[in-house]
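# Descriptive analysis of the structure
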Amino acid sequence: QAKNNGRNCYYAFNEQMSSDLATRLQLEAELRRALELQQFRLFLQPQVDLRSGHLAGFEALLRWQHPERGLVPPDEFISVLEQAQLIVDVGYWVFERCCQLSIELNTLGLNNTVIALNLAADQFLQPELPQRFQQLLQQYQLRGEQFELELTESTLVSHVGQTLDVMHQLKALGFAFAIDDFGTGYSSLNYLKRMPVDTIKIDKTFVLGMLDNSSDYQIIVSTIAMVHKLGLQVVAEGVEAQQHLQMLQQHHCDMVQGYYFSRPLAPAQLIEFVRDEVLQQNWPARLLSCSN
Ligand code: C2E
Ligand code: MG
Ligand code: MG
Ligand code: MG
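How each quantity is defined
- Residues numbered from 1 in each chain as written.
- Chains lettered and ligands numbered in written order.
- Predicted model: local features only at pLDDT ≥ 70, side-chain atom pairs only at ≥ 80, totals over all residues.
- Heavy atoms only, no water.
- Donors = N, O, S within 2.8 Å, 3.2 Å for Na, K, Ca; no water.
- Helix = DSSP H or I, 4+ residues; strand = E, 2+ residues; numbered from the N terminus.
- Buried < 20%, exposed > 50% of the residue type's maximum accessible area, 1.4 Å probe, protein only.
- Pairing = 2+ DSSP bridges.
- Axes fitted to C-alpha atoms, helices over the stretch in contact; angles between N-to-C directions.
- Parallel < 35°, antiparallel > 145°, perpendicular 65-115°, else oblique.
- Left-handed = near helix turned anticlockwise from the far one by under 90°.
- Contact = heavy atoms within 4.5 Å.
- Nonpolar A, V, L, I, M, F, W, Y, C, P; charged D, E, K, R; others polar.

Within an unreviewed UniProt entry, the label attached to the protein chain reads EAL domain-containing protein, and the organism entered is Rheinheimera maricola.

Below is the structure:
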C-alpha cells in the first residue's frame, strides 16, 4: 500500500514537472516570436531630483504587449528570457529603443535627459556588449552620458573580474552605473569600493516598509549616509506616499521614483507628460518644499 502511494506520488510529481516544463517551453517560443513580431514595449518612469526639484530622468521598463493577455509585466517573463538566453537580443532591442526615446525626448524639448536601463547578468557578460552599445550610440549620434546602466548586486558579484573589465569599457564611453535593488541581494560592500559605480538605488521594499518597520527605516537612513560618504548618489524607488517623500527629503536622499509622482508611462503618455506637465513647469507638483 505504502509503496503504491509512493509510486503514485512520484508519478504525480513527474507529471507536474513535465507540464511545468511544457508551459515554460511554450512561453519561451512565444517570447521568441514576441521579439520578431515587435510585441515588446518600453515604458518610462520619471525620476525626480530632490536637490533641484526637477525631473532628473527616466527609468526604462520592459513590457510585453500580448495579443490575448494584454500588457504583461516583466516579472512574468524576464527569468524565462534569461533561461532561454533571449535576454541578450531583447537587451539590445531595449537599448536601441532607449536611444530612439532619447531622441524623441530631445525633439520634444527635453535636452540631455538621462535614461536608466536594466541589464541582466548574462547580457552584461556578453564580450561584444560595449562594442554593440558603442555602435548604437554612433548610429543615433548620442553620447553614453545620456544613459545609466542598472546592474544588480548578484550581477556584480558573480564574475567580478569580467564585470569590472566591461564596466571600465562602458565607463570610457560615458555610461553611468547604478546598483539596483540595493540591500536585497548578496550585498558585498567591497564592490562599492572597487567598481566605477555612480548611483545606488534603494530597493522599494525598504521604502514601502519604512513607515511601519524601524529596521527598514534605519536601513534607509544609514544607506543614504554611507552612500554619500562614499561620494555617490542615492535614488529611492517605490515612493508611493507623501510620508515616504517627507522622510526621504529629511534624510537628504538625492532622487526618488515612484507611483506618488508617476507610474511608468507608455510612449504615447510620455509625449503628453512632457508637453503638458514638464515643459509647462507643472511637474512635479507633488514635491514638498524643502525645509532647509
Ligand atoms: P526594477 O529595475 O527594480 O524596477 C522598479 C520596479 O518598481 C518596476 O517594476 C516599477 O514599475 C516598480 N515601481 C516603480 N515605482 C513603484 C512604486 O511606487 N510602488 C511599487 N509597488 N512599484 C513601483 P516593473 O516595471 O514591473 O519591473 C520589474 C523588474 O523587471 C525591474 O525591477 C527589473 O528588475 C526588471 N526589468 C524591467 N525592465 C527590464 C529590462 O529591460 N531588462 C531587464 N534585464 N530587466 C528588466
Ligand atoms: Mg531598475
Ligand atoms: Mg530596483
Ligand atoms: Mg526591483
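From this point, things continue past the structure.
Our focus in this paragraph is the coordination of the magnesium ion (ligand 3). Ligation of the magnesium ion (ligand 3) by protein atoms is provided by D180 (OD), D181 (OD), E237 (OE) and E237 (OE), these donors lying 2.1 to 2.5 Å from the ion. Counting residues between consecutive donors of the magnesium ion (ligand 3) along the chain gives the motif D-D-x55-E. A separation of 4.0 Å is found between the magnesium ion (ligand 3) and the magnesium ion (ligand 2), which are bridged by D180. Of the two residues, D180 sits in strand β6 (residues 176–182) while E237 sits in strand β8 (residues 233–237), which places them 57 residues apart along the sequence. With respect to class, D180 is no different from E237; both count as buried.

Take the pairing of strand β7 (residues 199–202) next. Both faces of β7 are covered, namely the face carrying T199 and K201 and the face carrying I200 and I202. Of the pairings in the sheet, the one linking β6 to β7 comprises 3 bridges and is parallel in character. Its bridge partner lying in β7, F182 is registered against I202. Judged from the 4 bridges that link them, β7 and β8 form a sheet pairing that is parallel.

At their nearest, the axes of helix α3 (residues 87–108) and helix α12 (residues 267–278) sit 10 Å apart, and the two run at 30 degrees to each other. When the interaxial angle is binned, α3 and α12 end up roughly parallel. When the axes of α3 and α12 are compared, the crossing they make is right-handed. Where α3 abuts α12, its residues R97, L101, E104, L105 and L108 lie against P267, L270, I271, V274 and R275. Of the residues belonging to the contact of α3 with α12, the class tally is 7 nonpolar, no polar and 3 charged.

Turning our eyes to something else, we now look at the coordination of the magnesium ion (ligand 2). In ideal tetrahedral geometry, four donors around a metal make angles of 109.5 degrees, whereas ideal octahedral geometry with six donors gives angles of 90 or 180 degrees. Within the first shell, the magnesium ion (ligand 2) binds the protein through E59 (OE), N118 (OD1), E150 (OE) and D180 (OD), at distances of 2.0 to 2.2 Å. Taken in sequence order, the residues that donate to the magnesium ion (ligand 2) follow the motif E-x58-N-x31-E-x29-D.

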